[in-house]
Amino acid sequence: MRLRVAAGGPAALKVLAAAGAAAAPVRLVWGGPLERPLAPLSPPWAPALELDSGTVLFSPNAICQFFFLARGEEPTDLTNQWLEWEATELQPAASAALYAQLVHGRKGLEAVEALGKLLAHIEQNLSRRGTAYLAGDTKSVADVVVWGTLFPVLQDETSLPSELQVLRTWFQSMTLSEACRKAADSVLMPKALLEFKSYLQKQPSPCLAMERATSNEPEEEEGSEPALTEEEITAAVDAWARGVAALPKPWQPQKPVLPVEGMRNVLITSALPYVNNVPHLGNIIGCVLSADTFARYCRLRNWNTLYVCGTDEYGTATETKAVEEGLTPQEICNKYNAIHTDIYRWFDISFDYFGRTTTPYQTMIAQDIFQRLLARGFLLQDTVEQLQCEDCQRFLADRFVEGTCPFCSYEEARGDQCDKCGKLINAVELKNPQCKLCRGVPVVKPTQHLFLDLPKLEEQLEPWLEQSWATGDWTANARYITRSWIRDGLKPRCITRDLKWGTPVPLDGFRDKVFYVWFDAPIGYLSITANYTDQWERWWKNPQQVELYNFMAKDNVPFHSVIFPCSLLGADDNYTLVNHLIATEYLNYEDGKFSKSRGVGVFGDMAKDTGIPADIWRFYLLYLRPEGQDSAFSWSDLMLKNNSELLNNLGNFINRAGMFVCKFFGGTVPDMVLTPDDERLLARVTLELHQYHQLLEKVRIRDALRCILSISRHGNQYIQVNEPWKRIKGDEKDRQRAGTVTGVAVNMASMLAVMLQPYMPSVSLAIQGQLCIPPDCFVLSHNFTCTLPPGHRVGTVSPLFQKLEHDQIEALRKRFGGGQPEDLAVEPQAKQTPPASVTLVAPGDPQLIQELTEEVAKQGNHVRQLKANKAEKAQVDTEVVKLLELKKQLALAEGKSPEVLAPTGKRKK
């Protein structure tokens with residue numbers, strides 16, 4: 001069959017992407033915009049598919065469907081709904097947005113204003129279903145068609161409003177897929193786009209009915225919840241009635257934790273932090289905190305879980321740090337291992353074992369893997385030219401060399417990179433090189449090194465990767481980075497270094513060398529487990545029973561997805577390989593990067609000195625976890641999230657639920673007689689619980705946190721509508737209603753305590769203590785059950801959170817903004833169990849509303865001033881996003897739904 005498309009035409013994008021995704025055997029014919037269309041009424045640029053039978057398909061969506069049908073993929077009802085919605089709703093709006101971009105020159109959020117409600121519709125559906133793609137967990141024709149319509153307008157996910165995080169993740173995943181990427185590269189050529197623009201300029205402006213509904217479902221009020229089915233309500237009521245009996249019994253593994261036949265055995269690692277520095281907030285969220293949250297969730301699901309980590313202690317950086325501080329490498333490792341241990345203990349990271357790589361087990365296991373690779377012919381020898389200091393009698397690692405940059409002539413360039421021009425340097429290219437240890441002049445000499453033969457291992461790597469991607473959860477960036485390494489062609493990788501501090505190479509002719517840190521370090525996962533239990537092989541040589549999750553930042557991906565798996569595949573000893581590779585983007589600090597030397601940003605050893613409790617740090621870091629794109633820590637945002645989401649939303653609901661039991665019912669949970677409204681609430685909470693599970697099972701940690709906050713928001717609205725403080729003073733019917741509302745609310749609080757445990761373990765424990773939740777109830781199921789039945793007695797209820805004050809935050813911002821001495825005194829905030837005089841602020845707190853109103857007005861004036869001064873559009877867009885976030889927080893404080901504040905564009909009068 002023959003596919004005719006014209007470069008530059010948006011419709012060509014989706015059909016080419018569909019052809020690639022479905023591996024359709026088409027012969028591509030590129031047509032020009034001035035050529036006569038195959039169909040008399042077809043516009044220029046319209047694609048056409050000529051089948052072997054002579055039939056011609058002209059509709060882009062029909063062509064896309066044909067490709068997937070030919071592959072044997074029948075459309076589901078949901079797929080068809082999406083295709084109909086795309087054709088009738090999304091496509092007209094996208095055409096208008098594209099016209100605004102190409103003809104009127106609009107950019108950024110302004111250009112996509114016509115898509116506001118439609119983008120929100122996609123976001124809500126992805127969030128509600130908790131699936132990776134529009135119609136399920138696998139890519140369908142609906143994903144390709146919707147992406148193909150959006151991509152010409154958006155180009156990348158940064159054009160999307162910042163609050164649409166789930167949509168951003170989906171869009172990035174689609175854009176990075178091979179079929180979509182190739183289609184975009186082929187269709188959206190600069191010259192072809194100019195021709196298409198010229199064509200559009202001769203056409204009338206698209207007329208878009210802004211009042212059009214965003215779905216084919218019955219219209220609902222803006223911000224309203226999706227309709228519940230009778231089946232969902234009945235199931236929720238039945239689960240509630242079963243009570244504690246419906247919960248699985250909490251399971252406690254024996255120590256040491258070992259795989260158990262018939263159970264789900266989950267092995268979790270976080271990238272080993274390098275020992276020579278102090279981790280900052282970005283390091284903490286990228287590795288250990290994300291892994292800890294998931295490990296805690298796994299344990300609450302009764303999955304047999306082992307979480308290991310430790311400090312990576314060998315290598316050049318350790319030797320360099322030892323020289324700087326006048327210590328031996330071992331002393332440096334001991335010092336910083338203790339610092340790391342203290343930091344992670346304060347952040348309440350629940351390692352089963354936190355170890356280190358400078359152990360005999362590390363030497364034994366690394367050398368065994370090396371010997372097996374050598375015996376199987378997967379190692380090569382080659383000569384490398386390096387700088388040698390004859391005075392020190394050693395080859396110099398890159399960090400031990402300084403000299404003049406060969407590119408910009410900067411005189412203090414390092415042996416690996418120039419700090420002035422930023423270019424990467426081979427140390428032998430430096431002009432006037434000097435040894436940093438003795439200031440002598442090194443000479444270039446050849447030295448023999450060993451290389452891992454990655455090209456030879458590639459034939460084992462690729463089928464394993466395909467299988468792991470098909471069955472496991474790899475983040476989009478992990479897949480993309482891995483594909484780019486393979487696409488560029490694997491090259492032999494050096495695995496030895498001329499150093500003293502490292503695992504020695506057990507081979508004649510190389511015994512004065514050590515293993516390169518990126519061959520050696522991932523083996524630390526195995527050796528650390530071996531130091532935990534001498535039965536470590538039951539975890540690491542047991543792929544049949546063990547699921548392995550690796551957590552890391554994106555810069556570590558190739559070492560965990562290519563180099564380390566190649567080492568284990570080549571060793572051929574039934575090693576457990578990664579099933580799920582979870583990589584974050586980067587967390588920045590305010591408007592820049594963390595820098596210990598410049599005093600910019602919060603580092604792990606400083607967080608506890610701010611007076612802000614560890615659980616608040618955990619909550620905020622997980623709230624802005626950089627899952628789909630880089631995110632930034634902001635002091636103002638930390639204050640807003642603490643005061644609105646924690647204090648006014650979550651804490652307010654849990655405190656009120658418990659206080660009503662104490663104040664109105666003598667500390668005993670009252671009888672409950674459910675009404676239809678109560679039953680609908682049970683079903684609504686159950687749906688949020690299901691979504692929480694779906695998201696966490698896919699390791700979408702940040703998005704799952706929103707489910708907790710959504711449930712507490714439902715609870716606050718439930719209390720506000722029913723007003724139990726008034727009904728308790730009424731007749732018998734009113735008092736009964738007050739009892740029902742209080743009983744349901746305190747059971748919601750009990751469930752939230754369990755859901756919150758992976759994120760805020762200390763707060764979860766405090767709620768458990770205050771409500772006297774039985775230990776047998778501290779397990780996660782998929783049902784919202786009555787765990788605190790009538791007659792259950794609660795304990796003393798007190799506020800969980802404390803307000804962060806503006807002056808306090810400004811002092812911290814100044815302290816960590818650079819140029820300030822690290823020991824600048826800041827009056828610490830009281831511990832997280834506040835004094836009795838501190839009271840929670842309910843929605844409607846006039847002081848918070850006043851503060852947020854002033855912030856909104858201030859930011860609004862700032863945006864207007866930028867526009868008046870004709871500031872760069874990107875700068876204006878950034879400030880508009882901040883304004884929308886402030887308005888959302890104000891809506892929360894006023895007890896309104898924040899969803900209505902999503903930008904929907906200017907309405908036509």
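### Things to note about the overall build of the chain
Summing up its helical and strand segments, the chain has 31 helices and 20 strands in all. Looking at the 909 residues of the chain, the share that counts as buried comes to 56%. Counted over contacts in the chain with a minimum sequence separation of 6, partners at least 24 positions apart contribute 77%. Summed over all atoms, the accessible surface of the chain reaches about 38700 Å², with 51% contributed by carbon and sulfur.

### Observations regarding unusual backbone geometry
With an omega of -5°, the peptide bond running from K255 to P256 counts as cis. With respect to the secondary-structure elements, P256 resides in the loop between helix 10 (230-242) and strand 5 (265-270). Phi is positive for S409, close to 70°, though the residue is something other than glycine.

### Let's talk about the environment of T796
Take T796: it is sitting in the loop between helix 28 (761-771) and helix 29 (806-815). The exposure class assigned to T796 is exposed, which follows from its relative accessible area of 68%. Separated by 134 residues in sequence, T796 and C662 have C-alpha atoms that sit 8.0 Å apart.

### Some thoughts on helix 24 (residues 676-697)
With 22 residues, helix 24 should cover 32 Å at 1.5 Å per step; its first-to-last C-alpha distance of 32 Å lies within 8% of that length. Among the residues trailing helix 24, V699 stands out with phi positive, at a value near 60°.

### Topic: helix 16 (residues 476-487)
Spanning 12 residues, helix 16 covers 16 Å between terminal C-alpha atoms, matching the ideal 16 Å at 1.5 Å per step. Packing partners of the buried residues in helix 16 comprise helix 7 (165-176), helix 15 (454-471), helix 20 (557-571) and strand 18 (580-584). Positive phi appears at G489, one or two residues downstream of helix 16, with a value of about 90°.

### Here we look at the sheet that holds strand 10 (residues 401-404)
In spatial order, the strands read 11-10-12; together these three strands make up an open sheet with antiparallel pairing. Since the sheet does not close on itself, it has two edges, and those belong to strand 11 (413-414) and strand 12 (431-435), each with one partner. Here strand 10 pairs with strand 12 via three bridges, running antiparallel. Residue pairing for strand 12: E402 is matched across the bridge by Q434.

### Quick word on the confidence of the model for the chain
Residue-level pLDDT values for the chain average 84, and 85% of them are 70 or greater. In this model residues 820-843 is a low-confidence stretch, pLDDT under 50, and it forms 47 contacts with partners more than four residues away in sequence or in other chains.

### Focus on the nonpolar core
In this structure, I268, I369, W617, W635, Y692 and Y759 are the most contacted members of the largest nonpolar core, which totals 180 residues. Look past the residues within four positions of I369 in its chain and what remains in contact with it is F519, I523, L526, S567, L568, A571 and Y575. With 56 residues, the next largest nonpolar core counts F68, L118, V141 and V187 among its residues.

### Topic: the packing of aromatic side chains
If you walk through the whole model with that rule in mind, you get 35 aromatic pairs. Ring centres of W469 and W474 lie 5.9 Å apart, and the angle between their planes is 85°; this geometry places the pair in the edge-to-face category. Across the pair, exposure class does not vary: W469 and W474 are buried alike. Between F594 and F603 the ring centres are 6.2 Å apart and the planes differ by 90°, which places this aromatic pair in the edge-to-face class. As far as the burial class goes, F594 and F603 line up, both buried.

### Brief notes about the pairing of strand 5
In terms of residue burial, strand 5 counts as a mostly covered element, since six of its six residues are buried. Along strand 5, one buried face is formed by N265, L267 and T269 and the opposite face, lined by V266, I268 and S270, is buried too. Pairing geometry for strand 5 and strand 6 (residues 304-311), over five bridges, is parallel. Each residue of the ladder has a partner; that of T269, found in strand 6, is V308.

What counts, and at which threshold
- Residues numbered from 1 in each chain as written.
- Predicted model: local features only at pLDDT ≥ 70, side-chain atom pairs only at ≥ 80, totals over all residues.
- Heavy atoms only, no water.
- Helix = DSSP H or I, 4+ residues; strand = E, 2+ residues; numbered from the N terminus.
- Buried < 20%, exposed > 50% of the residue type's maximum accessible area, 1.4 Å probe, protein only.
- Contact = heavy atoms within 4.5 Å.
- Areas by Shrake-Rupley, 256 points an atom, 1.4 Å probe, with all protein chains shown as cover.
- Expected span 1.5 Å × (residues − 1).
- Pairing = 2+ DSSP bridges.
- pLDDT = per-residue confidence, 0-100.
- Core = buried A, V, L, I, M, F, W, Y, C linked by side-chain atoms within 4.5 Å.
- Phe/Tyr/Trp six-rings, centres within 6.5 Å; stacked < 30°, edge-to-face > 60°.

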